[in-house]
Number of protein chains: 2
Amino acid sequence: MAKRTGVDEFKLIGLLWRDSPVSPRSGISTQSVTTLAVDLADREGLDAVTIRRLAEEAGVTAMALYPHIGGRAELVELMLDHVAGVTYETVTIPEGADWRECVTAIAEANWASCQAHPWITDLATGRPVPGPGASTKYETELRALDGIGLTDIEMEHTLTALLSLVQGTARATRAAQDSRLPGEDHDTDWWSNIEPALTTAIGDQTRFPTASRVSRTLGEQTGKANDPEGAYRRGVGLILDGIAKRLGTPTSGNGR
Amino acid sequence: MAKRTGVDEFKLIGLLWRDSPVSPRSGISTQSVTTLAVDLADREGLDAVTIRRLAEEAGVTAMALYPHIGGRAELVELMLDHVAGVTYETVTIPEGADWRECVTAIAEANWASCQAHPWITDLATGRPVPGPGASTKYETELRALDGIGLTDIEMEHTLTALLSLVQGTARATRAAQDSRLPGEDHDTDWWSNIEPALTTAIGDQTRFPTASRVSRTLGEQTGKANDPEGAYRRGVGLILDGIAKRLGTPTSGNGR
DNA sequence: TCCTCGAAGTCTACGGTGTATAATACACTG
DNA sequence: CAGTGTATTATACACCGTAGACTTCGAGGA
């Protein structure tokens with residue numbers, strides 16, 4: 001459910017770039033099915049998006065979807081492209097602003113997208129989706145980084161690194177949320193459920209002194225068993241300062 | 001195949017921390033089955049690790065595995081813990097070295113682990129595996145960061161951010177490799193197969209000028225359609241400089 | 001208006017998955 | 001050596017994606 005394999009790229013490109021006519025008999029279209037699938041995944045996760053279930057929601061039989069979506073592998077790509085296309089509708093990159101604000105906006109937009117559509121963190125990045133949404137997103141992000149003093153290669157690497165960090169920490173957020181049992185409100189509940197059993201199993205309590213100390217401190221100060229969002233913010237901060245050093249511009253603040 | 005849901009944590013903890021006796025009738029153990037599963041995943045990917053297939057390799061029936069692995073969800077956790085436990089057997093963190101070398105070694109060890117076991121990048125991080133391997137790894141990494149001038153919280157956030165970056169870019173490497181058709185040697189082959197169809201589909205060639213320029217430059221200079229490894233190296237470099245700024249120590253080199 | 005014909009939609013079926021359940025056979029303890 | 005409990009087995013179920021054959025519909029020409 002995560003590898004994005006088995007995609008027929010040519011079929012996919014056709015589906016991605018055509019203007020998605022609504023089918024007269026059933027009233028569905030590539031566009032409408034994709035939207036339905038994204039909504040379903042947002043609500044119940046990517047695993048809930050089965051062909052049969054999606055067909056049920058669309059009011060058609062399973063096999064009726066195939067002319068519109070290609071196959072399940074292609075459907076996932078369509079969903080990814082759709083989400084990529086709306087990333088900068090909620091969070092926009094300020095025009096003519098400091099490069100710091102632009103980079104931060106890129107991070108925030110992707111972070112928000114990962115929160116709104118947690119299932120995208122299940123899917124591998126790397127191979128780009130050859131569709132209009134992903135292409136527009138890429139263009140937007142590169143344009144924000146263009147002309148601040150980085151070479152093309154540096155821009156590309158920096159952007160990839162930044163997005164990897166965002167996706168990675170967003171994934172961790174998501175995993176922490178998923179592991180909550182129904183009805184639990186805090187991350188600590190999962191941990192406090194596990195902890196007694198774990199303590200018993202470990203036996204020798206002096207085996208992981210540093211980890212114990214750090215976990216305790218983290219729990220006391222943030223109230224969480226782990227804090228991916230904090231890691232995200234710190235990570236972006238570190239990268240910003242790293243870029244500043246490359247650019248040779250004065251760094252902002254004192255880092256605290 | 002990516003969400004790590006449905007894990008019975010208590011059953012899992014029992015399996016993770018017991019000393020895995022070999023079963024007299026079948027000759028298998030939690031340990032041996034886990035190793036077998038890791039090898040199989042390394043060779044053929046996580047999807048190849050089905051209960052039936054694994055049972056076949058172990059020389060028993062499918063249902064015979066269950067007392068040793070719990071269920072498939074728990075098996076995956078066992079595999080993750082196993083891999084975590086051997087991360088620092090190949091790449092070690094230098095004793096008493098500069099903090100830069102330590103951080104770099106952490107990144108390299110995790111990068112190498114992701115290369116050796118590509119399937120781990122399919123799986124969500126975040127919720128830690130409550131096992132001896134993962135605990136040891138966490139302890140090792142925190143100890144390397146301890147005492148260089150960061151607070152406990154900063155250490156934790158920095159480590160999480162660093163590992164997210166490594167996993168994220170490693171994933172992208174993996175995705176690029178997977179998308180190669182059989183027999184292809186270079187990333188560019190996949191891209192050059194797609195490109196004509198994509199160019200035709202897009203129509204208006206002036207729509208993504210920055211993306212086109214950057215892609216062209218990247219292709220010319222690296223010979224790749226995308227370069228996650230370069231992004232990894234730059235990302236680690238940026239984070240190192242970011243840490244240096246926080247620490248107030250002189251930065252090394254000029255960043256080029 | 002009717003007819004034809006190609007495409008869209010449907011039905012059935014296949015091989016795969018994880019694993020619940022119940023029956024069996026074995027290894028260890030007394 | 002008998003008893004007991006658990007590892008192991010065989011069977012079965014519900015679900016998955018989708019290939020292939022069949023049916024039905026909508027649009028264009030006479």
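Definitions and limits used
- Residues numbered from 1 in each chain as written.
- Chains lettered and ligands numbered in written order.
- Predicted model: local features only at pLDDT ≥ 70, side-chain atom pairs only at ≥ 80, totals over all residues.
- Heavy atoms only, no water.
- Helix = DSSP H or I, 4+ residues; strand = E, 2+ residues; numbered from the N terminus.
- Contact = heavy atoms within 4.5 Å.
- Expected span 1.5 Å × (residues − 1).
- Buried < 20%, exposed > 50% of the residue type's maximum accessible area, 1.4 Å probe, protein only.
- Least-squares fit on C-alpha atoms with pLDDT ≥ 70 in both.
- Core = buried A, V, L, I, M, F, W, Y, C linked by side-chain atoms within 4.5 Å.
- UniProt positions renumbered as here; feature names shortened; annotations may be inferred.
- Near = heavy atom within 4 Å.
- Polar contact = N/O pair within 3.5 Å; in protein donor to acceptor, adjacent residues only side chain to side chain.
- Nonpolar A, V, L, I, M, F, W, Y, C, P; charged D, E, K, R; others polar.
- Axes fitted to C-alpha atoms, helices over the stretch in contact; angles between N-to-C directions.
- Parallel < 35°, antiparallel > 145°, perpendicular 65-115°, else oblique.
- Left-handed = near helix turned anticlockwise from the far one by under 90°.
- Buried area = accessible area lost by both parts, 1.4 Å probe.
- Salt bridge = Lys/Arg side-chain N within 4 Å of Asp/Glu carboxyl O.
- Phe/Tyr/Trp six-rings, centres within 6.5 Å; stacked < 30°, edge-to-face > 60°.

**Details of the environment of Ala 73 of chain B**
All names here are of chain B. Structurally, the position occupied by Ala 73 is in helix α5 (residues 72-85). Separated by 68 residues in sequence, Ala 73 and Thr 5 place their C-alpha atoms 7.0 Å apart. Beyond its immediate stretch of four places on either side in the chain, Ala 73 contacts Thr 5, Gly 6 and Val 7.

**Brief notes about helix α8 (residues 132-145) of chain B**
Residues and elements named next belong to chain B. With 14 residues, α8 should cover 20 Å at 1.5 Å per step; its first-to-last C-alpha distance of 20 Å lies within 8% of that length. Judged by how many residues are buried, α8 sits mostly within the fold: 10 of 14 residues are covered. Here α8 has its buried residues at Pro 132, Gly 133, Ala 134, Ser 135, Lys 137, Glu 139, Glu 141, Leu 142, Ala 144 and Leu 145. Where α8 terminates, the next one or two residues include Gly 147, which has phi positive at roughly 85 degrees.

**Here we look at the relation of the copies chain B and chain A**
Overlaying chain B with chain A gives an RMSD of 0.1 Å, the required rotation being 180 degrees about an axis along which the chain moves by 0.0 Å. In short, the pair behaves as if placed about a two-fold rotation axis. When the interface residues of chain B are mapped onto chain A, 98% of them again fall at the interface, so both copies present the same face.

**Some thoughts on the nonpolar core**
With 141 residues, the main nonpolar core has Trp 119 of chain A together with Trp 119 of chain B as its most contacted residues. Not counting the four nearest positions on each side in its chain, Trp 119 of chain B is found in contact with Val 38, Ala 41, Asp 42, Leu 46, Met 79, Leu 80, Val 83 and Arg 174 of chain B.

**As for the UniProt feature "DNA-binding region" (unreviewed entry) in chain A**
Within this numbering scheme, the UniProt entry marks residues 50-69 of chain A as carrying the feature "DNA-binding region" (unreviewed entry). Taken end to end, residues 50-69 of chain A is 60% helix and 0% strand, and its first and last C-alpha atoms sit 12 Å apart.

**Brief notes about the protein's contact with DNA strand D**
Arg 52 of chain A together with Arg 25, Ser 26, Thr 61 and His 68 of chain B are the nearest of the 18 residues found near DNA strand D. Here, DNA strand D places atoms within 4 Å of the protein, and 59% of those atoms are sugar or phosphate. In this structure, Ser 23 of chain B approaches DNA strand D through a side-chain N or O atom, which is 3.1 Å from a sugar or linking oxygen. One of the side-chain N or O atoms of His 68 of chain B is found 2.7 Å from a phosphate oxygen in DNA strand D. Among the secondary structure elements, those contributing two or more residues to the surface near DNA strand D are α3 (51-58) of chain A together with α4 (66-69) of chain B. Class assignment of the residues belonging to the surface near DNA strand D gives a composition of 7 nonpolar, 6 polar and 5 charged.

**Some words on the packing of helix α1 (residues 9-17) of chain B against α5 of chain B**
All names here are of chain B. At a minimum axis distance of 10 Å, the contact between α1 and α5 shows a crossing angle of 40 degrees. Accordingly, the angle class assigned to the pair α1 and α5 is oblique. Like other packed secondary-structure pairs, α1 and α5 cross with a definite hand, here right-handed. Facing α1, whose interface residues are Leu 12, Leu 15 and Leu 16, α5 presents Glu 74, Glu 77, Leu 78 and Asp 81. Split by residue class, the contact of α1 with α5 holds 4 nonpolar, no polar and 3 charged.

**A few points about the protein's contact with DNA strand C**
The local shell around DNA strand C holds 18 residues, among which Ser 26, Thr 61 and Met 63 of chain A together with Arg 52 and Arg 72 of chain B are the closest. Backbone atoms, meaning sugar and phosphate, form 59% of the atoms of DNA strand C found within 4 Å of the protein. The contact in question runs from a phosphate oxygen of DNA strand C to an N or O atom on the backbone of Ile 51 of chain B, over 3.1 Å. At a separation of 2.8 Å, a base nitrogen of DNA strand C approaches a polar side-chain atom of Arg 52 of chain B. Classifying every residue of the surface near DNA strand C gives 7 nonpolar, 6 polar and 5 charged.

**Brief notes about the interface of chain B and chain A**
Many structure descriptions define interface size as the accessible area lost when the parts assemble. If you look at the interface, chain B gives 86 residues, while chain A gives 85 residues. Summed over both sides, the interface of chain B with chain A buries roughly 7,700 Å², with 61% coming from carbon and sulfur. Here chain B is connected to chain A by 10 salt bridges. Measuring nitrogen to oxygen at the nearest pair gives 2.8 Å for the salt bridge that ties Asp 241 of chain A to Arg 246 of chain B. Our enumeration of links across chain B and chain A arrives at 19 residue pairs in polar contact (both at pLDDT 80 or more). Elements with a minimum of two residues in the side of chain B that touches chain A: α1, α8, α9 (152-178), α10 (187-202), α11 (209-222) and α12 (228-247) of chain B. At 19 residues, the largest contribution of residues to the side of chain B that touches chain A is made by α9 of chain B. Residues belonging to the side of chain B that touches chain A are distributed by class as follows: 33 nonpolar, 31 polar and 22 charged.

**Things to note about the packing of aromatic side chains**
All names here are of chain A. Taken as a whole, this structure holds 2 aromatic pairs over all chains when the rule is applied. Plain terms: the ring middles of Trp 111 and Tyr 232 are 4.1 Å apart, the flat faces sit at 5 degrees to each other, and that makes the pair stacked. You can see Trp 111 sitting in helix α7 (residues 99-116) and its partner Tyr 232 sitting in helix α12 (residues 228-247), a full 121 residues away along the chain.

**Observations regarding the pattern of salt bridges**
Counted by the stated rule, this structure contains 34 salt bridges over all chains. Note that Arg 233 of chain B and Glu 108 of chain B form a salt bridge whose closest N and O atoms lie 3.0 Å from each other. Separated by 125 residues along the polypeptide, Arg 233 of chain B in helix α12 and Glu 108 of chain B in helix α7 (residues 99-116) bring together distant segments of the chain. Overall, Glu 108 of chain B belongs to the partly exposed group, its relative accessible area being 27%. Overlapping salt bridges bring together Arg 43, Glu 44, Arg 53 and Glu 57 of chain A as one network.

**A short note on the packing of α7 of chain B against α12 of chain B**
All names here are of chain B. Axis separation between α7 and α12 bottoms out at 11 Å; the angle between their running directions is 150 degrees. By the angle class used here, α7 and α12 are roughly antiparallel. Once α7 is placed against α12, the crossing between them reads as right-handed. Facing α7, whose interface residues are Trp 99, Arg 100, Val 103, Thr 104, Ala 107, Glu 108 and Trp 111, α12 presents Glu 229, Tyr 232, Arg 233, Val 236, Leu 240, Asp 241, Ile 243, Ala 244 and Leu 247. The residue inventory of the contact of α7 with α12, partitioned by class, reads 10 nonpolar, 1 polar and 5 charged.

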